[in-house]
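# Per-entry structural report
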Amino acid sequence: MHTRATWSAVAVGLVGVLCATMSLAPRVLRAQPSMVVLVRHGEKATEGGNDPSLSDAGRVRAQALADALAMTTPTTIIVSSLKRTAETAAVVSAKTGVVPTVIAIGSGASHVADVAAAVRKASGVVLVVGHSNTVPAIVTALGGPKLPDICDSSYATMFVLTPGVGGTAAQVVLGHYGVADGPMPAACTGMVAK
C-alpha cells in the first residue's frame, strides 16, 4: 500500500524529470522573416533637391515592383525617411494594406543597423526599399555576403534573402525586375558575377 509520503515523492520525482526533459527539449525558434526582398528606390526626378520624388520611369519601376511581388504578400515594408523610397513601395503598400515602417536615414551605419534590427523583428515576407549605398550593406548586416554599392545608374537590382537558421549563413539571390538597366559604366562592374 502506498502512503501519502510515497505519492508525494513520486510527484516530486515526476516534476523533476519533466523539468529536466523540458530543459533538454529544443528551444522554440524566435520569429524571423521567411524571406526579405531588398531593392533600391526607383528612378528619381532631376529636380527636388536632396529629396526628389520619383520620375515617370521611377513610377513605372514602382508598378514593376508590385508586379514582381504579385505571387507573395509582404507582411512588413521598410523604407527610409526619403520620399523616393516610400513612393517606390506605394503600389505594394496600396495592394497589401501594409503601412511602411519608416527608418530615418541618419548616418549610414546607424541606418543600416536600424533597418537590419527592424527586419529581424518581423516575420513573414519583408520588403526593404533603400538606396544604392544602403541596400548592399543591409544584405551584409542580415548575414549575406559583403557587396559593393549599387551603381548610381542601376535601378533594376533585387536581392532576395532567406535568413540563416541556427548560425547558418543567409542565402541570397541576385535578381532584376522591371525595365533592364542600360549598359553599366566600367566603374560599375561590382555587381557583375565573376
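Residues numbered from 1 in each chain as written. Predicted model: local features only at pLDDT ≥ 70, side-chain atom pairs only at ≥ 80, totals over all residues. Heavy atoms only, no water.

### Things to note about the overall build of the protein chain
Summing up its helical and strand segments, the protein chain has 5 helices and 6 strands in all. Walking the protein chain from its N terminus toward its C terminus, one meets helices and strands in the order α-β-α-β-α-β-α-β-α-β-β. Here the protein chain, with 194 residues, has 36% of them falling under the buried criterion. Across the protein chain, the fraction of contacts at a sequence separation of at least 24, relative to all contacts at a separation of at least 6, is 64%. Accessible area for the protein chain stands at about 10900 Å²; split by element, carbon and sulfur atoms hold 64% of it. (Helix = DSSP H or I, 4+ residues; strand = E, 2+ residues; numbered from the N terminus. Buried < 20%, exposed > 50% of the residue type's maximum accessible area, 1.4 Å probe, protein only. Contact = heavy atoms within 4.5 Å. Areas by Shrake-Rupley, 256 points an atom, 1.4 Å probe, with all protein chains shown as cover.)

### A closer look at the sheet that holds strand β5 (residues 157–162)
Taken together, 6 strands build an open sheet; the order of strands is β3-β2-β4-β1-β5-β6 and the sheet is mixed. One side of each edge strand has no neighbouring strand; the edge strands of this open sheet are β3 (101–103) and β6 (171–176). Each strand axis lies, on average, 20 degrees off the axis of its neighbour in the sheet, ignoring direction. Pairing geometry for strand β1 (residues 33–40) and β5, over 4 bridges, is antiparallel. Across the sheet, Leu 38 pairs through a bridge with Phe 159, a residue of β5. Where helix α3 (residues 83–96) meets the sheet, it contacts β1, β2 (76–80) and β4 (124–130), and its direction lies at approximately 165 degrees from that of β2. (Pairing = 2+ DSSP bridges. Axes fitted to C-alpha atoms, helices over the stretch in contact; angles between N-to-C directions.)

### Structural notes on the pairing of β4
Burial of β4 is extensive: 6 of the 7 residues sit out of reach of the surface. Note: β1 against β4, 7 bridges, orientation parallel. Each residue of the ladder has a partner; that of Val 39, found in β4, is Val 129. As defined by bridge partners, β2 adjoins β4 across 4 bridges and the pair is classed as parallel. Bridge pairing in β4 links Ile 77 to Leu 127.

### Let's talk about the side chain of His 41
On the secondary structure map, His 41 appears in the loop between β1 and α2 (56–68). Residue classification places His 41 among the buried positions, given a relative accessible area of 1%. Separated by 3.2 Å, the side chains of His 41 and Arg 84 make a polar contact. When near neighbours in sequence (up to four residues on either side) are disregarded, His 41 contacts Arg 84, Thr 85, Thr 88, Val 129, Gly 130, His 131 and Tyr 155. (Polar contact = N/O pair within 3.5 Å; in protein donor to acceptor, adjacent residues only side chain to side chain.)

### Describing the confidence of the model for the protein chain
Across the protein chain, pLDDT averages 84, with 80% of residues at or above 70. Every residue in residues 3–28 is under pLDDT 50, and counting partners more than four places away or in other chains gives 1 contact. (pLDDT = per-residue confidence, 0-100.)

### Some details on the side chain of Thr 88
The topology assignment puts Thr 88 in helix α3. A distance of 2.7 Å separates a polar atom in the side chain of Thr 88 from the backbone oxygen of Arg 84.

### A closer look at the environment of Val 119
Mapped onto the fold, Val 119 is located in helix α4 (residues 108–121). Among the residues examined, Val 119 registers a relative accessible area of 1% and is labelled buried. Considering only alpha carbons, one finds Val 119 and Ile 138, 19 residues apart in sequence, at a separation of 9.6 Å.

### Points about the packing of aromatic side chains
For the coordinates displayed, the defined rule picks out 0 aromatic pairs. One Lys or Arg, Arg 61, reaches over the ring of Tyr 177 and ends 5.6 Å from the middle of that ring. (Phe/Tyr/Trp six-rings, centres within 6.5 Å; stacked < 30°, edge-to-face > 60°. Lys NZ or Arg CZ within 6 Å of the ring centre and 35° of its normal.)

### Notes on the nonpolar core
Generally speaking, soluble globular proteins have nonpolar side chains that are buried together. Ranked by size, the top nonpolar core spans 19 residues in total, and within it Val 36, Leu 38, Val 119 and Val 128 carry the most contacts. For this core, the secondary structure elements donating two or more residues are β1, α4, β4, α5 (135–141) and β5. Among the elements that make up this core, the one with the highest residue count is α4 (4 residues). Beyond its immediate stretch of four places on either side in the chain, Val 36 contacts Val 119, Val 126, Val 128, Leu 142, Phe 159, Val 160, Leu 161 and Pro 163. With 15 residues, the next largest nonpolar core counts Ala 64, Ile 77, Leu 127 and Met 158 among its residues. (Core = buried A, V, L, I, M, F, W, Y, C linked by side-chain atoms within 4.5 Å.)

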